[in-house]
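This is what each chain is made of:
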Amino acid sequence: MLKKLPIGIQTFSQIREENYVYIDKTEEALEIIENYKYAFLSRPRRFGKSLFLDTLRNIFEGKRELFEGLYIYDKWDWSIKYPVIKIDWRGDFQTLDSLKSVATRIFNQNKERLKVNCKDIDNSVMCFDELIQQTYEKYNQKVVILIDEYDKAILDNLDQMEVAKENREIVKSLYTVLKDSEKYLKFVFLTGVSKFSKASIFSGLNMLEDLSLTPDYGNICGYTQKNIENEMVEYLKGVDLEKLKKWYNGYNFLKNDVYNPF
């Protein structure tokens, strides 16, 4: 019986527990974890960034049982678990108030999951700073920060530039917290669509490594031709693979040509 195809699913545990197809990206994940403390990845929308971020979360939280049969399974010290703060910028950003509302929801979710508190939940910068410190102290362990779609509050407002600029200043002040909290942090990973150097957001975060066009990680998201011919071939009976390649194998991030996984 064929495994199910994980169309639109961004939760690593659901894919693994419910027997969906998973293209193993844990070798790249391990290399990044071992070689970088602050890293950034830009990819087009619907390219698997959120799933990769959730894979990282499960690695740091020590969910060893989910990784059986994958590259990282016998290469990572699962006995050490790290607390993870995850910031997922999904929501409505048409006004400054809506951005603040989303930020409040994000920090509420994290403080409840981690069972820590911040006194001023309405001040997102103060709350973020306090959340990192209290998490570090509660778990006696350095903190992992994962940020998905760091630029969404800006990109959603390119048709109203004043709102985009206001939103940019808010998220810029939030990301500055990462620089000031360095001693509490184990690993920081951000994803987005735009190049961070063009967004004028990370001027204070000069240690952030942009892996977007690093050849070693060119296949970090997306399906390679090898994946199509091995893991996906049973789903493509009767399909002309050369024609498929011609139409859909059009992305390249300085390694192999890749297919958009969606």
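As shown above, the structure is provided for reference.
The present account deals with the structure reproduced in this document. Predicted, not measured: the structure shown is a model, and the values here were computed from it.

## Remarks on a nonpolar patch on the surface
Step number 1: A cluster of nonpolar residues, Leu5, Ile7 and Phe262, forms a patch on the protein surface that exposes about 330 Å² of accessible area.
Step number 2: Owing to a relative accessible area of 35%, Leu5 belongs among the partly exposed residues under this scheme.

## Thoughts on helix α5 (residues 124–139)
Step number 1: Spanning 16 residues, α5 covers 22 Å between terminal C-alpha atoms, matching the ideal 22 Å at 1.5 Å per step.
Step number 2: For α5, every residue scored as buried is listed here: Ser124, Cys127, Phe128, Glu130, Leu131, Ile132 and Thr135.
Step number 3: Just downstream of α5, Asn140 is the residue with a positive phi angle, here 50°.

## Digging into the sheet that holds strand β1 (residues 38–42)
Step number 1: Taken together, the five strands give an open sheet; going across it, the order is β2-β3-β4-β1-β5, and neighbouring strands pair in parallel fashion. What marks the edges here is a single partner per strand, and that holds for β2 (84–88) and β5 (209–210).
Step number 2: Pairing of β1 with β5 involves two bridges; the strand directions are parallel. Among the inter-strand pairings, Ala39 is bridged to a residue of β5, identified as Glu209.
Step number 3: Relative to the sheet, helix α3 (residues 49–60) contacts β1, β2, β3 (143–148) and β4 (185–192), its axis offset from that of β4 by approximately 165°.

Calculation criteria
- Note that residues are indexed from 1 along each chain, following the sequence as it is written.
- Only residues with pLDDT of at least 70 are given local features in this predicted model, and only at 80 or more are side-chain atom pairs given and counted; all residues enter the totals for whole chains, interfaces and linings.
- Side-chain figures throughout are based on the complete set of non-hydrogen atoms in the structure, without hydrogens or water.
- Patch definition: residues above 30% relative accessible area lacking any salt bridge, with like charges linked at up to 9 Å and the nonpolar side chains Val, Leu, Ile, Met, Phe, Trp and Tyr linked at up to 5 Å.
- Each accessible area is a Shrake-Rupley result for a 1.4 Å probe, and residues are judged covered by the shown protein chains and nothing else.
- Within this document, salt bridges are pairs made up of a side-chain nitrogen of Lys or Arg and a carboxyl oxygen of Asp or Glu, the two lying within 4 Å of each other.
- Note on exposure labels: buried denotes an accessible area under 20% of the residue type's maximum, exposed denotes more than 50%, and partly exposed covers the range between, all computed with a 1.4 Å probe on protein chains only.
- Each helix is a run of H or I in the DSSP string that is no shorter than four residues. Each strand is a run of E no shorter than two, and both are numbered from the N terminus.
- Helices are assigned an expected span. That span is 1.5 Å times one less than the residue count.
- For two strands to be treated as a pair, DSSP must find no fewer than two bridges joining them.
- Two residues form a contact once any of their heavy atoms are found within 4.5 Å.
- Think of each axis as a best-fit line through the C-alpha atoms, taken over the contacting stretch in the case of a helix, with angles from 0 to 180 degrees between the N-to-C directions.

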